[in-house]
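# Survey of secondary and tertiary structure
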2 protein chains.
Amino acid sequence: MVSRADAVREKLEELIIEGAFASGERLDETTLSKKFNVSRTPLREAFQALAASGLLDLQTRRGAFVRHPAFDEVIEMFEVMAEMEAFCGKLAARRITQNTLHALSETVVLCEAAVESDDINGYYNANETFHFLIYEASGNAFLSKEARKLHRQLKPFRRMQLKVRGRLNQSLAEHRMVLDALVAGDSDSAADILRDHVAIQGTKFNDLIVSYRRASQKAATA
Amino acid sequence: MVSRADAVREKLEELIIEGAFASGERLDETTLSKKFNVSRTPLREAFQALAASGLLDLQTRRGAFVRHPAFDEVIEMFEVMAEMEAFCGKLAARRITQNTLHALSETVVLCEAAVESDDINGYYNANETFHFLIYEASGNAFLSKEARKLHRQLKPFRRMQLKVRGRLNQSLAEHRMVLDALVAGDSDSAADILRDHVAIQGTKFNDLIVSYRRASQKAATA
DNA sequence: AAACCAATCCTTGCATACAAGACGCTTGAC
DNA sequence: GTCAAGCGTCTTGTATGCAAGGATTGGTTT
């Protein structure tokens, strides 16, 4: 059975990640409890959980505020994610099984198909599976869990930069290289490729922000 | 102002880490709420928070169970911690300030004094400061926060292995080497030394567990 | 004697009522 | 006209009551 608090958390999480709320917006308990048809108690439990994963900022006696990570923080998170993936890759190169290798190569095929048909969502999903498989293959359940958590937190920002022209093809090529390194059992190379593969996402994201800021500055001075 | 829920969380956390409850023990809401003189509501909020940090296992309609990480999981956590520290060290070697370097060398002096007087607690505290300073010096606030979190989770297990004979001196020597590498700005070397410094803690912990198990097995067959 | 089923009790999940703090608005004074 | 203080309202924090889902125990059957 799934508790109402859990259901509410899930729904709210989706809304926040989708960007349904402005950053810094205060979430009113009464309003939301009406919207979800639950009392304030399970809603508050959901708030707690969301605060734990960093999506809300709970201030005593003041309320729950939506917390889209600041851009600087996202850059930092990509920096950590890169290193984490590298470590996963390093371990995975030594510990991965034939079965998982097979599953991995299948996700690469899916990615190829998605690139063919310019299906960003399709690519996005296959990409996620690809990375999760590697986390799992690290053979370190704790690491895998943490990596998934961080991956999830970066979800909306990864999505943004996937839309940059040409990135899909490049990303796919990187996936192929990772797969090759894992097949070869070359842990250093797997680590390095994965590190760059993720780091470049942070860089692309940064580029995006800079261009955004330039645009808004121009608009302001015009 | 600090809410009662926060106060309860803090107190409970302390109790769990201290080992006041058996692993897997179920925490009764009514009993505990009486003990802390609060209602079940803030207590339940505290449960949520503790579950988020991994100290409790909340099962729907069944209750809250104390969750001391399994030994295997602790080993995994040390593995991740080692890599995280290595990354902190790598960044810190490039970004550390004179002030922080100075503060670091002071903690080394404190560690020396603690070793002299065989003061495990003193060493323990100075050791913590040493590591936290390095996290901070990474210049990546997100990384620093995550590293502190993991460090905290490993607290009780680190403490255990510090009691092994000769470990204090060895640890101190490693601290000196880390400091040297940071002063020299040698990021690779700082990373490697820190990785080993932490990994060895996991190894020592593992040794401890193995010897425990042997002992209890002997006792059982005797 | 053991196993299974049922009924009761106990515990959690949720709703609601109440208390207390924060924010805003109004009013008065300088 | 502006600033500050006080009061009122609104929102969060906490307590408690009620409902629903497990667990346990006792009885019955094989």
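As a starting point, this report considers the structure included with it. From a predicted model like this one, the values you see are computed outputs, not experimental measurements. (Residues numbered from 1 in each chain as written. Chains lettered and ligands numbered in written order. Predicted model: local features only at pLDDT ≥ 70, side-chain atom pairs only at ≥ 80, totals over all residues. Heavy atoms only, no water.)

A few words on the overall build of chain A. Looking only at helices and strands, chain A features nine helices and three strands. In chain A, the order of α-helices and β-strands from amino to carboxyl end is α-β-α-α-β-β-α-α-α-α-α-α. Its C-alpha atoms put chain A at 55 × 55 × 30 Å along the principal axes. Across chain A, the fraction of contacts at a sequence separation of at least 24, relative to all contacts at a separation of at least 6, is 71%. Accessible surface, chain A as shown: approximately 11400 Å² in total, 50% of it carbon and sulfur. Positive and negative side-chain charges in chain A, numbering 30 and 31 respectively, have mean positions lying 7 Å apart. (Helix = DSSP H or I, 4+ residues; strand = E, 2+ residues; numbered from the N terminus. Contact = heavy atoms within 4.5 Å. Areas by Shrake-Rupley, 256 points an atom, 1.4 Å probe, with all protein chains shown as cover. Lys, Arg positive; Asp, Glu negative; His and termini not counted. Charge placed at Lys NZ, Arg CZ, Asp CG, Glu CD.)

Around DNA strand D lies a shell of 20 residues, among which A:R44, B:R4, B:S39, B:T41 and B:R62 are the nearest. Backbone atoms, meaning sugar plus phosphate, form 65% of the atoms of DNA strand D positioned within 4 Å of the protein. Contact distances for DNA strand D include 3.0 Å between a phosphate oxygen and a side-chain N or O atom of A:R26. Counting residues per element, the ones that place at least two in the surface near DNA strand D are β1 (26–27) and α3 (40–52) of chain A together with α1 (4–18) and α3 (40–52) of chain B. Considering only residue class, the surface near DNA strand D consists of four nonpolar, five polar and 11 charged. (Near = heavy atom within 4 Å. Polar contact = N/O pair within 3.5 Å; in protein donor to acceptor, adjacent residues only side chain to side chain. Nonpolar A, V, L, I, M, F, W, Y, C, P; charged D, E, K, R; others polar.)

In this section: the state of the cysteines. For the structure shown, the criterion picks out zero disulfides over all chains. A:C88 forms no disulfide, and the closest cysteine sulfur to it belongs to B:C88, at a distance of 17 Å. Here B:C111 stays unpaired: no disulfide links it, and the sulfur of B:C88, its closest cysteine neighbor, is 18 Å away. (Disulfide = S-S within 2.5 Å.)

Both copies of the chain are related through a single rotation about an axis accompanied by a shift along the same axis. Once turned by 180° and shifted 0.1 Å along the axis, chain B lies on chain A with an RMSD of 0.3 Å. What the superposition gives is, in effect, a two-fold axis relating one chain to the other. Here 96% of the interface residues in chain B have copies in chain A that are interface residues too; the copies meet face to matching face. (Least-squares fit on C-alpha atoms with pLDDT ≥ 70 in both.)

This brings us to the pairing of strand β3 (residues 63–66) of chain A. Regular strands place side chains that alternate from one sheet face to the opposite one. All names here are of chain A. Note that β1 and β3 share two bridges and pair antiparallel. Paired with R26 across the two strands is F65, which belongs to β3. Taking the residues between adjacent antiparallel strands as the criterion, strand β2 (residues 56–59) and β3 are bridged by three residues, where R61 takes a positive phi near 65°. (Pairing = 2+ DSSP bridges.)

In this section: the interface of chain B and chain A. Every contact between the two is made by 27 residues of chain B and, on the other side, 26 residues of chain A. Of the roughly 2300 Å² buried where chain B meets chain A, counting both sides, 52% is carbon and sulfur surface. Where chain B touches chain A, the interface holds four salt bridges. Of the charged contacts in the structure, one is a salt bridge between B:R95 and A:E79, with a shortest N-O distance of 3.1 Å. Linking chain B with chain A are 14 residue pairs in polar contact (both at pLDDT 80 or more). Elements with a contribution of two residues or more to the side of chain B that touches chain A: α3, α4 (71–95) and α7 (141–162) of chain B. Its residues placed into classes, the side of chain B that touches chain A shows 11 nonpolar, five polar and 11 charged. (Buried area = accessible area lost by both parts, 1.4 Å probe. Salt bridge = Lys/Arg side-chain N within 4 Å of Asp/Glu carboxyl O.)

This next bit is on helix α6 (residues 120–137) of chain B. All names here are of chain B. Taking 1.5 Å of rise per residue, 18 residues should cover 26 Å, and α6 covers 26 Å from first to last C-alpha, within 8% of that figure. Of all the positions in α6, only Y123, Y124, A126, N127, E128, F130, H131, I134, Y135 and A137 are classed as buried. Between a side-chain oxygen at the N-terminus of α6 and the backbone nitrogen of N121 the separation is 3.3 Å; the capping residue is D119. (Expected span 1.5 Å × (residues − 1). Buried < 20%, exposed > 50% of the residue type's maximum accessible area, 1.4 Å probe, protein only.)

Looking now at the side chain of B:S144. All names here are of chain B. Along the chain, S144 turns up in helix α7. By relative accessible area, S144 is classed as buried at 3%. A polar contact of 3.1 Å, which involves the side chain of S144, links it to the side chain of E136. Discounting chain neighbours no more than four positions away, the residues touching S144 are Y135 and E136.

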